[in-house]
Amino acid sequence: MDNIDYGILDMLRQNSRAGYGDIGDRVGLSASAVKRRVDRLVADGVIRAFTIQVDPAVDGMTTEAYVELFCRGTVAPDELKRILGQVPEVVDAYTVTGSADAVVHMRSRDIPSLEDALERVRIAPSVDHTRSAIILSHLIHRNYD
């Protein structure tokens, strides 16, 4: 990986449909050289996928919360993944340091459906309690996946 590769990744993060010629103009390479580099980044597993981002407002998933999850005793990450994987409203989940065992990002259509999803998480035998923060507005979003 060099600065040109990082430049290519930055452009693709902003627009995964950017043309090789447009990327090349920004990073100082020909379109064919950019294509070879992108192919190499894909083959090396640096680029894992080309995706779309759907506007949650259009999809109706406008209610969001970050939820701290506190477990009873020691719970393996695979068990948390199994529990949270059964709740479609969970869009991201992480094990973390600190007093919580995990932090979960949830999206739902409205508060009642968020409450229902939270209850499906809370009833798991290994979950002691949760603490939620409902998102009011988005200030900054950078996609680094």
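Everything that follows concerns the structure shown earlier in this document.
Here the structure is a predicted model, which is why all the values come from computation and not from measurement.

Novice: So what exactly am I meant to see when it comes to the sheet that holds strand β2 (residues 90-95) here?
Specialist: The strand order across the open sheet formed by four strands is β2-β3-β1-β4, and the pairing between neighbours is antiparallel. Where the open sheet ends on each side, the last strands, each with one partner, are β2 and β4 (127-134). Sheet twist, expressed as the average angle between the axes of neighbouring strands with direction ignored, equals 20°. Across seven bridges, the pairing between strand β1 (residues 63-71) and β4 is antiparallel. Its bridge partner lying in β4, Tyr66 is registered against Ala133. Here helix α5 (residues 77-85) sits on the sheet in contact with β1, β2 and β3 (102-108), set at roughly 165° to β2.

Novice: How should I be thinking about the side chain of His105 in this particular structure?
Specialist: Mapped onto the elements, His105 comes out in strand β3. Of the polar contacts made by the side chain of His105, one reaches the side chain of Glu64; its length is 2.6 Å. Sequence-distant contacts of His105, defined by excluding residues within four places in its chain, comprise Glu64, Ala65, Tyr66, Glu89, Val90, Val91 and Asp92.

Novice: What is the right way to read the pattern of salt bridges from this model?
Specialist: Working definition: two side chains of opposite charge can pair if their charged atoms are close together. All chains considered together, the criterion is met by 12 salt bridges. We note a salt bridge from Glu64 to Arg107, for which the minimum N-O separation is 3.3 Å. Placement of the pair is Glu64 in strand β1 and Arg107 in strand β3, with a sequence separation of 43 residues. By the burial criterion, Glu64 is buried, and Arg107 matches it.

Novice: Would you mind showing me how to read the packing of helix α2 (residues 20-27) against helix α3 (residues 31-43) here?
Specialist: How two helices sit against one another is set out by the angle between their axes and by the gap between those axes. Look at α2 against α3: their axes get within 8 Å of each other, and the N-to-C directions meet at 100°. Here α3 runs roughly perpendicular to α2, going by the angle between their axes. For the pair α2 and α3, the contacting residues are Tyr20, Gly21, Ile23, Gly24 and Val27 in the first and Ala31, Val34, Lys35 and Val38 in the second. Here the contact of α2 with α3 is composed, by residue class, of six nonpolar, two polar and one charged.

Novice: Would you mind showing me how to read α3 here?
Specialist: Since the α-helix turns once every 3.6 residues, residues separated by three or four places project in the same direction. Counted at 1.5 Å a residue, the expected span for α3 with its 13 residues is 18 Å, and the 18 Å between its end C-alpha atoms agrees. One or two residues past the end of α3 sits Gly45, with phi positive at roughly 80°.

Novice: Quick question: what am I supposed to make of α2 here?
Specialist: Of the positions making up α2, those classed as buried are Ile23, Gly24 and Val27. For α2, the arc enclosing every buried residue in end-on projection is 100°, short of the 170-degree limit, so these residues lie on one face. Counted as exposed and oriented over 90 degrees from the buried face of α2: Asp25 and Arg26. For α2, the secondary structure elements touched by its buried residues are α1 (3-14) and α3. Gly28 sits one or two positions beyond α2 and adopts a positive phi of about 80°.

Criteria and cut-off values
Residues numbered from 1 in each chain as written. Predicted model: local features only at pLDDT ≥ 70, side-chain atom pairs only at ≥ 80, totals over all residues. Heavy atoms only, no water. Pairing = 2+ DSSP bridges. Helix = DSSP H or I, 4+ residues; strand = E, 2+ residues; numbered from the N terminus. Axes fitted to C-alpha atoms, helices over the stretch in contact; angles between N-to-C directions. Contact = heavy atoms within 4.5 Å. Polar contact = N/O pair within 3.5 Å; in protein donor to acceptor, adjacent residues only side chain to side chain. Salt bridge = Lys/Arg side-chain N within 4 Å of Asp/Glu carboxyl O. Buried < 20%, exposed > 50% of the residue type's maximum accessible area, 1.4 Å probe, protein only. Parallel < 35°, antiparallel > 145°, perpendicular 65-115°, else oblique. Nonpolar A, V, L, I, M, F, W, Y, C, P; charged D, E, K, R; others polar. Expected span 1.5 Å × (residues − 1). Arc of directions from axis to C-beta.

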